[in-house]
Amino acid sequence: MVTKVLAAVAILAVAARLFVRRDSELARRFRIFVDVSLLLIVVLYGTRLIQLYVL
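Let us look at the structure shown here. If you're wondering where the values come from, they're calculated on a predicted model, not measured in any experiment. (Residues numbered from 1 in each chain as written. Predicted model: local features only at pLDDT ≥ 70, side-chain atom pairs only at ≥ 80, totals over all residues. Heavy atoms only, no water.)

### Some words on the overall build of the chain
Then comes step 1: Counting its secondary structure elements, the chain contains two helices and zero strands.
Then comes step 2: Relative to the globule expectation of 10 Å for 55 residues, the C-alpha radius of gyration of the chain, 14 Å, shows a markedly less compact shape.
Then comes step 3: A principal-axis box enclosing the C-alpha atoms of the chain has dimensions of 45 × 15 × 10 Å.
Then comes step 4: Looking at the chain as a whole, 9% of its 55 residues are labelled buried.
Then comes step 5: Carbon together with sulfur atoms contributes 74% to the accessible area of the chain, which is approximately 4800 Å² in total. (Helix = DSSP H or I, 4+ residues; strand = E, 2+ residues; numbered from the N terminus. Rg over C-alpha atoms; globule rule 2.2 N^0.38 Å. Buried < 20%, exposed > 50% of the residue type's maximum accessible area, 1.4 Å probe, protein only. Areas by Shrake-Rupley, 256 points an atom, 1.4 Å probe, with all protein chains shown as cover.)

### Some words on helix α2 (residues 25-54)
Then comes step 1: With 30 residues, α2 extends 43 Å from end C-alpha to end C-alpha; this agrees with the ideal 44 Å at 1.5 Å per step.
Then comes step 2: Burial in α2 covers these residues: Ala 27, Val 34 and Ile 41. (Expected span 1.5 Å × (residues − 1).)

This is the structure in structure tokens:
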């Protein structure tokens, strides 16, 4: 359940990132937020996959 929610948030964040204007300060801060969020999601999924295959 949690992984599906994280996947949906990641897809929405990437889609929103594509539609924000690139030349504004808000867009720069938003892109940083999205990039950090996506990195955290990748780390969470990676650790989850490692746990599934190792254990």
